[in-house]
Protein chains: 2
Amino acid sequence: MTRPRALLVVTGSELVRGERTDRNGPFLAREILERGFEPARITIVGDGEHELEAALREGLAGDLLVTSGGLGPTHDDRTVELLARVTGRELRVDEDLHGQIETVSRRVAKRLRRPYADFEPGVRKQASLPDGAASVGLAGTAPGLVLEHEGTVVVVLPGPPGELQRLWASAVESEPMRGLLGRARPPGRRVLRLFGVSESAVSRALEEAGGEPEGVEATICARDFEIHVDLVVDPGAEGEADALESALAESLERWLFARDERTIEEQVLVLCRARGLSLATAESCTGGLVAERLTRVPGSSDVFLGAIVAYADDVKAAQLGVPEALIREHGSVSAEVAAAMASGARERLGAEVAVGVTGIAGPGGGTPEKPVGLCYVAAETPDAARVVDFSYPSDREAVRSRAAAAALHLVRRLLTQT
Amino acid sequence: MTRPRALLVVTGSELVRGERTDRNGPFLAREILERGFEPARITIVGDGEHELEAALREGLAGDLLVTSGGLGPTHDDRTVELLARVTGRELRVDEDLHGQIETVSRRVAKRLRRPYADFEPGVRKQASLPDGAASVGLAGTAPGLVLEHEGTVVVVLPGPPGELQRLWASAVESEPMRGLLGRARPPGRRVLRLFGVSESAVSRALEEAGGEPEGVEATICARDFEIHVDLVVDPGAEGEADALESALAESLERWLFARDERTIEEQVLVLCRARGLSLATAESCTGGLVAERLTRVPGSSDVFLGAIVAYADDVKAAQLGVPEALIREHGSVSAEVAAAMASGARERLGAEVAVGVTGIAGPGGGTPEKPVGLCYVAAETPDAARVVDFSYPSDREAVRSRAAAAALHLVRRLLTQT
């Protein structure tokens, strides 16, 4: 079954220049996927006539084209004018819409103490619609529009994310969109989350399980040092998806840590909470990143007590009770110090579970024996303790992220004893 | 003056489906703009053959095409294969590159305790280049490539942002890119960084300064709770840019904290280092985010000693010496407790400068008197102390980020006494 194709065109000079990151494309893509369309492309262009016109023209090749931005009152807001051009339609002032926009503009004029006449050209521009287009509501003075053109439904939305989301909800209820949605069949979704295995090993496991059956699309994607497997399941292919999911879960069991979208930090908190265990961290090279990830989760305060970021060796000794002799003998980047940091955090912070991280994040500080990327992670619970090490020669940010991921996953493994 | 046009093609199913937000397009766009090109379009597509092929074909219309992603060892990593197709070139194994990738893969195989033979098909795939393409270095087992095709320079980069950035730096040094860069005339750039002022106030200041002169393009953009003003200056318009920059710097002086691109955490570290002051943090609602931001900066260890993340009140008392009576009387979210946290961090961690942060990140925990978004930030140096508060009712992530920004900016203001 082919899903209807949706193409997204996002316009804004600051977006195509990377000065701001687009949030509308990803929002619309998720909305569209959930409703059973295939988001095939997100095109980001500036407000130049040539680039925007080309993007709109290409967008008409899909079953659905959604645009974001370029609806303001000034001359470089060109989306509606160019949409009229590429669909070969006349632009005409919609009198009803003109009245609505005029009301809003008169209020703004009053607030800014400027004559309404200054606003009138902008109001006429924003009230001008291509033949056949209908307004789905106003964002400030900018109308969102829906239009059907030779089998393609076109939805025109404003750039500010809050307004776009509001008018999208209204566009979904419009006549042309309801027709299109009737043809789409929302897919099911299965997820497997793995840690400690390579992307290519997962890919091989997929092949050995017989690959993608008809109606099931598998994507394997490395994210934050985890491997995420997503199955997008067409209606009717649920049995095949079940079989594939089971086969993968079995062959990859050793590394499987979740079959839903919860993050590893959420899982660690849930595991601790279920056993009434409190949690703390002792961090050197991660500089507080493990604590920061844990406290991103709402409600983490019932489990997570705190952290000691011991960047300097003096702080490791004074605040975590790591013996100075241990640091002298093994170096602050060592299995022994990582373990002492975890023990120290349990004791000093009064936590039942703690994890300690020490490593060389770089770019400086590496030696032949202890190169940049070498990290030790130790976890301790009331019943067990474990230390792991890894070497991940990379940039500072990557080494730190990798160490934080290793710390969270080690705690999970220790709590589930896998 | 027309700048050479650059087109960016970003591939990844998770990106076109909005499951992850693309960072590579914006990074490359900024890089390209700085070097005198016009980033004309960012196209995000999945790994489907049809969509990616179309995007690459369109990309060849520019002077520069940069791609991100699709370089892995598996069958759905298709960028190189499709680039060969759209440029009409043969794919051939590059023996030298094969050797390099084999070396990396043998190490991985050993670490994973798997036979190298499992990796060989992936190695051959990743070592296969279109005729005329040259490697600019490896990201894991994936080579970045540069290729010249009928007047268009094509740069092929891997998807992981850190790797992409590293190989981009190397691609810029390649022969074809040097040729292209020779034709571009990099615009000048002026930046003003402000904190504590609104975007619309800055926009008004720009108008009052006479707006954008010919040859100078001004963008005002809110990022991480700062306002960034960028002036892009065509060669020849330097005088006009100087005048505008001075006018803005004068009228916005109160909020201006930088005229270069250094982050606030870098500035704080530089200020401390210049005076030989050590630095620590005491964090509640930010959960380690301030420490994490400071330790992102390479070399921060000569200034930053560590942090106490005191999420639980017991930790505030035991590890930071915040009197329990103070917490009982004023509540843990109060100016008094923030100040005591900063003092405690100075004393316990032996730091000359410390900042304490406490607040209600939400979504739970708010009361009518102390709603979600209320935060207190206190900084203390050997000579001075200051507490600020703000109320920023928003989602958890935004409240935490806002509090971390406030903490770093408060330290800067205290150290510069502005």
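Residues numbered from 1 in each chain as written. Chains lettered and ligands numbered in written order. Predicted model: local features only at pLDDT ≥ 70, side-chain atom pairs only at ≥ 80, totals over all residues.

Visitor: Let's hear about the sheet that holds strand β11 (residues 226-233) of chain B: which residues, and what values?
Guide: Backbone-to-backbone hydrogen bonds join strands into a sheet, with any given pair of strands oriented parallel or antiparallel. Residue and element names in this part refer to chain B. Taking strand neighbours across the sheet as the criterion, the four strands line up as β10-β11-β9-β12 in an open arrangement whose pairing is antiparallel. The sheet terminates laterally at β10 (216-223) and β12 (256-258), the two strands that pair on one side only. With strand direction ignored, the average angle separating the axes of adjacent strands in the sheet is 30°. Across eight bridges, the pairing between β10 and β11 is antiparallel. In the strand pairing of β11, Ala-218 is matched with Leu-231. In the packing of helix α9 (residues 199-208) onto the sheet, contacts are made with β9 (188-195), β10 and β11, and the angle to β10 comes to roughly 165°. (Pairing = 2+ DSSP bridges. Helix = DSSP H or I, 4+ residues; strand = E, 2+ residues; numbered from the N terminus. Axes fitted to C-alpha atoms, helices over the stretch in contact; angles between N-to-C directions. Contact = placed C-beta atoms within 7 Å.)

Visitor: Help me get a handle on the interface of chain B and chain A, residues and values and all.
Guide: Listed by partner, the interface residues are 63 residues for chain B and 62 residues for chain A. Pairing geometry for strand β2 (residues 38-45) of chain A and strand β2 (residues 38-45) of chain B, over five bridges, is antiparallel. Each residue of the ladder has a partner; that of A:Arg41, found in β2(B), is B:Val45.

Visitor: Summarise the packing of helix α12 (residues 289-296) of chain B against helix α16 (residues 396-416) of chain B; cite the residues concerned and give the values.
Guide: Residue and element names in this part refer to chain B. For the pair α12 and α16, interaxial distance at closest approach is 9 Å and the crossing angle is 60°. Classed by the angle they form, the pair α12 and α16 counts as oblique. The two elements α12 and α16 cross, and the hand of that crossing is right-handed. Only Arg-400, Ala-404, Ala-407 and Leu-408 of α16 make contact with α12, whose side of the interface consists of Leu-289, Val-290 and Arg-293. Counted by class, the contact of α12 with α16 contains five nonpolar, no polar and two charged residues. (Parallel < 35°, antiparallel > 145°, perpendicular 65-115°, else oblique. Left-handed = near helix turned anticlockwise from the far one by under 90°. Nonpolar A, V, L, I, M, F, W, Y, C, P; charged D, E, K, R; others polar.)

Visitor: Go over the sheet that holds strand β16 (residues 374-380) of chain B, please, and point to the residues and values.
Guide: Taking strand neighbours across the sheet as the criterion, the ten strands line up as β17(A)-β16(A)-β15(A)-β13(A)-β14(A)-β14(B)-β13(B)-β15(B)-β16(B)-β17(B) in an open arrangement whose pairing is mixed. Because the sheet does not close on itself, it has two edges, and the strands there are β17 (385-391) of chain A together with β17 (385-391) of chain B. Between one strand axis and the next, the sheet turns by 10° as a mean value, whatever way the strands run. Sheet topology note: the strand β15 (residues 353-359) of chain A/strand β16 (residues 374-380) of chain A ladder contains six bridges and is antiparallel. The residue of β16(A) that forms the bridge with A:Gly359 is A:Cys375. Helix-sheet contacts for helix α15 (residues 335-349) of chain A involve β13 (279-283), β14 (304-310), β15, β16 and β17 of chain A, and the interaxial angle to β15(A) is about 145°. Against the sheet, helix α16 (residues 396-416) of chain A engages β15, β16 and β17 of chain A, with an angle of about 25° to β16(A).

Visitor: Could you give an account of the environment of A:Leu271, naming the residues involved and the relevant values?
Guide: Residues and elements named next belong to chain A. Looking at where Leu-271 falls in the secondary structure, it is placed in helix α11 (residues 264-275). Taking the number of C-beta atoms within 10 Å as the measure of exposure, Leu-271 has 18 and is therefore partly exposed. Other than its neighbours up to four places away in sequence, Leu-271 contacts Arg-412, Leu-415 and Thr-416. (Buried ≥ 20, exposed ≤ 12 C-beta atoms within 10 Å, placed from the backbone.)

Visitor: Describe helix α5 (residues 95-112) of chain A, and please don't skip the residues or the numbers.
Guide: Residues and elements named next belong to chain A. Here α5 is 18 residues long and its end C-alpha atoms lie 25 Å apart, about the 26 Å a rise of 1.5 Å per residue gives. Here α5 has its buried residues at Leu-97, Ile-101 and Ser-105. Looking down the long axis of α5, one finds its buried residues gathered within 50° of arc, a one-sided arrangement. Exposed residues lying more than 90 degrees from the buried face of α5 are Glu-95, Asp-96, Gly-99, Thr-103, Arg-107 and Lys-110. (Expected span 1.5 Å × (residues − 1). Arc of directions from axis to C-beta.)

Visitor: Could you give me a rundown of the domain arrangement of chain A, with the residues and numbers involved?
Guide: Residues and elements named next belong to chain A. Considered domain by domain, chain A is made up of domain 1 (5-183), domain 2 (188-258) and domain 3 (264-416). On a C-alpha basis, the centroid separation for the pair domain 2 and domain 3 is 30 Å. At the junction of the two partners, domain 2 supplies six residues and domain 3 supplies seven residues. The residue inventory of the side of domain 2 that touches domain 3, partitioned by class, reads four nonpolar, no polar and two charged. (Domains from an automatic or database assignment.)

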